[in-house]
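Survey of secondary and tertiary structure
In case you want the letters, here they are:
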Amino acid sequence: MSTDRSQVDRSQDGAPAPERSIPLIDLVAQHREIAPAVLEAVQKIFAEQKFILGDEVAEFEHDVGSYCDARESISCASGTDALLLALMGLDIGRGDEVITSPFTFFATGSSIARVGGRPVFVDIDPVSFNIDPRAVEEKIGPRTRAIMPVHLFGQCAEMEPLCRIATRAGLSIVEDACQAIGAEYQGRRAGVLGTVGCFSFFPTKNLGGAGDGGLMTTDDLTLAKRLRRLRVHGDVGQYEHHEIGINSRLDALQAAVLRIKLKSLDQWTMARQRNARRYAVLFQEYNLLDAVELPVVLPGRRHVYNQYCVRVLDGRRDEVLKSLREQKVGCAIYYPKPLHLQTCFADLGYKAGMLPHSEKASAEVLALPIYAELSADDQEHVVRALARALGRTPKRSLQAVLAGPNRRPGVSAPLPRYSASEE
Ligand SMILES: Cc1ncc(COP(=O)(O)O)c(C=O)c1O
């Protein structure tokens, strides 16, 4: 394989993009690295024929609990179920309000509605894409029971003010950490920043299984005990039920795969962070920062980049998306419609224009490939494709060219708009 395909590419400035395809995420490349260990673990499970919960799951809960610095970790069947179980464990139900972000995956809002509660959507901070604590404070009323911040794209929400607000008002905090395993806020891990943290092991997450999976973390031992019961129909043992739970258990096969992947998680996260730095340099070198806004890492955060979402300015996002897809560069919109404007939430009474930062984000964001195995060369290809999509000549700035033809992007260049706390 050529080590410097960008050289070939550069001599064709302005010409149509060469035939080359870069996916948004490449799980095949990731699996190649760990295949022997995964296959061995899977064979062991089949030999033992113990498929649900059991030792493998208990070991995984222990490993991932330590990783998250949580006293207790309770696995379940998906991130959605983790959110549902967390709300059930906190007795949130009919008529209770939970304040959350509308700029997130559907399950954040639907889990609240599914337990009979009312999601109260408030606007986001346009810089971090996360819930704005001031907006949360304004919406606290007599029926408010909890706040559900989302650590969107892998960067923690502004937890300190949120915790202060929650303590003052006597509210619980359910962290939707589904995209944020290993993310940190002021040195503490996502999942232990509130009352209970919820994780997803959907295959495209930074720690992704071979199917669905989820987990809750908490330092509250009583709550943990209840969550363990709720995930098995509320069974307290010997088919004795004092309350009604659900059936939401992690499979041993998933646990075995996840235990293997957990060992590589920090290495993969660091590769994602390196890729984010490379993008910062490349977007600057290709003079695209007037058209595209890059993600910002706020102080005191460890961003784990489950997604690398840029904003495409001047209403050009959809045009850029179409062009990137034509050029075979994987990209996606997370999320095209904020939850307060979803048809199923129409009875909550929200109208377009009510949460402007969330609506603007939905119109501007575009996720680019950031996965650990993405090469520097591929990243330059993505940036060049994006330049073409904007109708620019994909050319590095003179300064960047003078810095030397062999300099690999992101190695020695300054790190615009990134904090030192990133790794
Ligand atoms: C922010 C957020 N919340 C909740 C979920 C739900 O997780 P799952 O797909 O495992 O049910 C996801 C996963 O897509 C997510 O990204």
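Residues numbered from 1 in each chain as written. Predicted model: local features only at pLDDT ≥ 70, side-chain atom pairs only at ≥ 80, totals over all residues.

**Focus on the overall build of the chain**
Defined as follows: In DSSP terms, a helix is any run of H or I states spanning at least four residues, a strand is any run of E spanning at least two, and both are numbered starting from the N terminus. Counting other C-beta atoms within 10 Å of each residue's C-beta, where C-beta atoms are placed from the backbone, gives the exposure class: buried for 20 or more, exposed for 12 or fewer, partly exposed between. Here contacts are defined at the residue level, using C-beta atoms placed from the backbone and a cut-off of 7 Å between them.
Regarding its fold elements, the chain presents 13 helices and 13 strands. Counting only C-alpha atoms and orienting by the principal axes, one finds that the chain spans roughly 75 × 55 × 35 Å. By residue count, 48% of the 423 residues in the chain fall in the buried class. Considering only residue pairs separated by 6 or more positions, the chain has 72% of its internal contacts joining residues 24 or more positions apart.

**Focus: the sheet that holds strand E12 (residues 308–312)**
Here is the rule we go by: For two strands to pair, DSSP has to find at least two bridges joining them.
The sheet built from 3 strands is open, its strands ordered E10-E12-E13 with antiparallel pairing. Edge positions in the sheet fall to strand E10 (292–293) and strand E13 (365–368), since each has one partner strand and no second. Strand direction decides the pairing type here: E12 and E13, joined by 4 bridges, are antiparallel. In the sheet register, Arg311 faces E13, and the bridge partner there is Val365.

**Some points on unusual backbone geometry**
At the junction of Tyr334 and Tyr335, the peptide bond is cis and its omega measures out at 10° in the coordinates. In this structure, Tyr335 sits in the loop between helix H10 (317–326) and helix H11 (356–364). Positive phi values are uncommon outside glycine, yet Tyr239 reaches one of about 60°. Phi is positive for Asp314, close to 60°, though the residue is something other than glycine. Structurally, Asp314 can be placed in the loop between E12 and H10. In this structure Asp314 comes out as exposed when scored by C-beta crowding, with 10 C-beta atoms within 10 Å.

**Let's talk about the site of the ligand**
Convention followed: Any residue whose C-beta atom, as set from the backbone, lies within 6 Å of a molecule or strand is reported as near that molecule or strand. Charged means Asp, Glu, Lys or Arg here, nonpolar means Ala, Val, Leu, Ile, Met, Phe, Trp, Tyr, Cys or Pro, and polar covers whatever is left, Gly included.
Neighbouring residues of the ligand: 15 residues in total, closest Ser78, Gly79, Thr80, Cys178 and Ser200. A per-class count over the shell around the ligand returns 5 nonpolar, 8 polar and 2 charged.

**A closer look at H11**
Among the residues of H11, Ser358, Glu359, Ala361, Ser362 and Glu364 are the ones counted as buried. Structurally, H11 contributes buried residues whose contacts are with E12, H10 and E13.

**Some points on the sheet that holds strand E6 (residues 184–185)**
Taken together, 3 strands build an open sheet; the order of strands is E7-E6-E11 and the sheet is antiparallel. In this open sheet, the two strands that pair with only one neighbour each are strand E7 (188–189) and strand E11 (301–302).

**Side note on the domain arrangement of the chain**
The condition is simple: Here the bounds of each domain stem from an automatic or database domain assignment.
What the domain assignment reports for the chain is domain 1 (5–24 + 264–422) and domain 2 (31–260). Inter-centroid distance (C-alpha atoms) of domain 1 to domain 2 is 28 Å. The interface is formed by 30 residues belonging to domain 1 together with 29 residues belonging to domain 2. Secondary structure elements with two or more residues in the side of domain 1 that touches domain 2: helix H9 (252–285), E11 and H11.

**Focus: H9**
Each α-helix winds once per 3.6 residues, and so residues spaced three or four apart point in a common direction. As a reminder, the rule being used: A helix is expected to reach a length of 1.5 Å times the quantity of its residues less one. By definition, a residue's bend is the angle between the axes fitted to the seven residues ending there and the seven starting there.
Across its 34 residues, H9 extends 47 Å between first and last C-alpha, which sits within 8% of the 50 Å expected from 1.5 Å per residue. Ser264 marks where H9 bends most, by close to 50°. Two residues or fewer after H9 comes Asn287, characterised by a positive phi angle close to 55°.

**Thoughts on the pairing of strand E1 (residues 72–76)**
Among the 5 residues of E1, 5 are classified as buried, and the element is accordingly described as predominantly covered. Along E1, one buried face is formed by Glu72, Ile74 and Cys76 and the opposite face, lined by Ser73 and Ser75, is buried too.

**Brief notes about the confidence of the model for the chain**
Test applied: Across the chain, each position has a pLDDT score giving the predictor's confidence in that residue, from 0 to 100.
Confidence in the prediction for the chain averages 92 pLDDT; 91% of positions are at 70 or higher. Throughout residues 1–14 the model reports pLDDT below 50, and contacts reaching past four residues in sequence, or to other chains, amount to 12 contacts. In the predicted structure, residues 408–423 sits below a pLDDT of 50 and forms 35 contacts with residues beyond four places in sequence or in another chain.

**Considering the nonpolar core**
Heads up, the condition is: Here, a nonpolar core means buried Ala, Val, Leu, Ile, Met, Phe, Trp, Tyr and Cys residues linked by C-beta atoms lying within 7 Å of one another.
In this structure, Ala86, Leu87, Cys198, Met216 and Leu386 are the most contacted members of the largest nonpolar core, which totals 110 residues. Here this core gets 12 residues from one element, more than from any other, and that element is H9. Residue assignment places this core across two domains, with domain 1 (5–24 + 264–422) and domain 2 (31–260) each supplying three or more. The contacts of Ala86, once residues within four sequence positions are left out, are Val174, Val196, Cys198 and Met216.

**Observations concerning the environment of Glu61**
With respect to the helices, strands and loops of the structure, Glu61 is situated in helix H3 (residues 54–67). Given 22 C-beta atoms within 10 Å, Glu61 falls into the buried group. Separated by 155 residues in sequence, Glu61 and Met216 have C-alpha atoms that sit 9.5 Å apart. Other than its neighbours up to four places away in sequence, Glu61 contacts Ser73, Ile74 and Ser75.

**Here we look at the packing of H9 against helix H12 (residues 376–389)**
To be explicit about the condition: Angles here are taken between N-to-C directions and fall from 0 to 180 degrees, while the axes themselves are lines fitted to C-alpha atoms, restricted in helices to the stretch in contact. Should an angle fall under 35 degrees it is called roughly parallel, over 145 degrees roughly antiparallel, and 65 to 115 degrees roughly perpendicular, with every other angle called oblique. In this scheme, a crossing is called left-handed if the near helix is turned counterclockwise away from the far one by less than a right angle; it is called right-handed if the turn is clockwise.
Remark: H9 packs on H12, axes separated minimally by 10 Å, with the N-to-C direction vectors making an angle of 45°. Considering their axes alone, H9 and H12 lie oblique with respect to each other. At the point where H9 passes H12, the crossing takes the right-handed sense. Contacts between H9 and H12 involve Asn275, Arg278, Tyr279, Leu282 and Phe283 from the former and Ala376, Gln379, Glu380 and Val383 from the latter. Across the contact of H9 with H12, the residue classes break down as 5 nonpolar, 2 polar and 2 charged.

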